Every structure is written in C-alpha cells, then in structure tokens.
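Listed below are the residues making up each chain.
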Amino acid sequence: MVDCQARVSRVLFYMAKTSTTAIAHSNIAFIKYWGNIDPQLRLPANGSLSMTLADLETSTTVKFDGNLNADQVVINGEEATGQAYSRVEAHLDLIRGLANLDYKANVNTKSNFPIGTGLASSASGFAALTLAATKASGLNLPSQELSVLARKASGSACRSIFGGFVEWYANQEDQASFAEPIADENHWDLVDVIAIVREKEKEIGSTNGHGAAESSPLQNARVSDSSRRLEQCRRAILERDFFSLYQIIEEDSNLLHSVMLTSRPPIIYWEPVTISIMQNVVHWREEGLEVCYTIDAGPNVHCICSSASASEVEARLGNMTGVRRILTSRVGGPAKII
Ligand code: PMV
C-alpha cells in the first residue's frame, strides 16, 4: 500500500515536471473514408487505405499540470478557441478518463503545412495528440489501442499512428475499428506531389461532410462497392502495380466527389484549377508519366507518382497558372515520441 502510494506520488511528481512531445505524419487516402455508421464513435461506413506522408508532419507537446484550471491549447502559435479547442479538450477528457487523472493540460501543436485545406492536418494533429497525451498521462498503450483512440478524435487520425501503407477496418464494434499497416514505408517509393491551389481554411469541415454523405443517393453504391476497391488497391500496393493502382485511386476519388456533389446541400470543394490539374494528369499519363490524381475534402490535388516521374510532375505543375505552391512527400513512418 505504502509502495503503491509512493509510486503514484512519483508518477505525479514526474508528470508535473515533464512534457512529452510526439510527431505524427499526415496521410493521403487512396480508398477514402466518407460517412459514419456512428458519428459519435466515428465508426466509418466503409474501410479505407492510405499512404503516410513523411514530409507533412505535426509536432505536439503535452504537459499535464495540477495548477491549471482549464486546458490551454496553442495551435501554430495561436491560442485555440471555439470548435478547435473543444475537439482537443474532448479528446483530453477521454484520455484523462482512461488514465484516471484530473489534471488539465498544456498543449502546443505545430504543423509544417497548411491546416484545414484537405491535407489531413487533423489526421497528423490528433495522432500526435493521442500519442503525446497518453504517454504524458502515464499510459503506455499498444499501437492498436492508440489507433482506436485517435479514431474517436478524427477518423483518418487512426491511420496516421502507422507508417507505410495503412488500412483502416470498418466494423460495428468500437474496439475492432482500427488501422494497421499492410506494407511498411520501405515497400514502394511512391511520391505525393501536392498542388496547393488554396491555402485558406475550407468552409465545410470533414465532420460536417461525413454527416451529409447519406443524403446523397450515390453514397450507398459507393459504400457497397468499397470491398472491391479496397481489394484492388491492396493488391496493387503489394505487387507494386502502378497501372492497377492509378485506376482504382482515381475511380475512388471521383466516387467520393460524386457523393459530395450530390449531397443535400451539395458540397463543391473543387476550384477551376483543380479540374485543370485532373485533366492534365490524364494527358501526362498518356505521354508516359506514372502519375494519378486524388483529392480529399478540399481543392488541393495530390498527384501520386512513381519516384522516376515525380520531378517532371513537379515541374509541370509549377508551370500551371493557379498552382500557388507545391509540397512533395515520400512515404512516411509511424507516429513517434521524440
Ligand atoms: O478524418 P476526417 O474526419 O478529417 O475525414 C477524412 C476524409 C477524407 O480525407 C476526405 C478521406 C480520408 O479517408 O482521409
């Protein structure tokens, strides 16, 4: 008993003194998650499969502090308020519940890429927060449990716990809907060349978008066909078959945006230049470049390339009017404590 009390006070003393920092990478979904069967738990309507992005990362530092009356959250140098603050606070509450802890926390988070523009900043952000906050609270969770926990803050965050090529399983059971790598970051040296056409935060966040998915008459068809797309994508990755991969990536992205466009009210994330890039990518492929496009909940275009084609794709995108900036990323590793 005395031993146990001594251990608890040692842990509390340690926590008051130290902060924990985690880094997690963003990811780009090849087969996309859109719509939930349980929005509270973020149980997805369909499985999804993504590539972790080495060069787009979020670093998050968490310190639990017995002297704080409320959580303090700084995102990219600015005090968070409103919805951004409440989402972090709710996630910390979940972790405090698991760790049996009532200290408030100081959270400082920074991303090296524009946030809220369809580049999955919530994926890297909530994966980093999950890892840093669980460690800082004294929990030492296995990756699968971290993935389940991260999912509850932002669905795609459950994939950012892992590196390489990562599949997230759809399941009606909370504990069975987690992500897992199908191949690690050294399996295939694909490159994501991202054309940034808009840096402003999007008007309709993905949480609201998921809620609207069911209002589209196309969502049922998209969901019921998802096993076939997952199967083709999984096989294309494992066999490093770019031909098969590009077909399924573009088909899946087009299906997602068809659902968005036919939701009530319709969601139009594309800018005119988004469509020009899609058309150019198809021409460039006919000319021999190994490249395909995929677009998340925003107007920016991810051009997935073989490493041999990446620099030519960068150069061609750079010559297009309306492309403001290009970010290039290789396949990334798992979230980690630093
Ligand atoms: O995890 P969320 O709620 O930000 O949703 C992500 C939705 C897409 O980026 C469009 C698709 C995906 O699977 O990442």
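Look a little higher up for the structure.
What counts and how
Residues numbered from 1 in each chain as written. Predicted model: local features only at pLDDT ≥ 70, side-chain atom pairs only at ≥ 80, totals over all residues. Heavy atoms only, no water. Pairing = 2+ DSSP bridges. Helix = DSSP H or I, 4+ residues; strand = E, 2+ residues; numbered from the N terminus. Axes fitted to C-alpha atoms, helices over the stretch in contact; angles between N-to-C directions. Contact = heavy atoms within 4.5 Å. Near = heavy atom within 4 Å. Polar contact = N/O pair within 3.5 Å; in protein donor to acceptor, adjacent residues only side chain to side chain. Areas by Shrake-Rupley, 256 points an atom, 1.4 Å probe, with all protein chains shown as cover.

### A word on the sheet that holds strand β13 (residues 325–330)
The strand order β11-β12-β10-β13 describes an open sheet built from four strands, whose pairing is antiparallel. Only two strands of the sheet have a single partner each, and these edge strands are β11 (291–294) and β13. The mean angle between the axes of side-by-side strands here comes to 25°, regardless of whether they run parallel or antiparallel. Here strand β10 (residues 191–196) pairs with strand β12 (residues 301–305) via five bridges, running antiparallel. Within β12, the residue paired with Ile194 across the bridge is His302. Lying on the sheet, helix α10 (residues 310–318) is in contact with β10, β11, β12 and β13; it crosses β10 at an angle near 5°.

### Section: the site of the ligand
Taken together, 13 residues surround the ligand, and among them Tyr33, Ser156, Arg159, Ser206 and His210 come closest. Separating an oxygen atom of the ligand from a backbone N or O atom of Gly155 is a distance of 3.5 Å. Within the side chain of Ser206, a nitrogen or oxygen atom sits 2.7 Å from an oxygen atom of the ligand. Coverage of the ligand by the protein chains reaches 95% of its 380 Å² of free accessible surface.

Without other data, these values stay purely geometric and don't point to any function.
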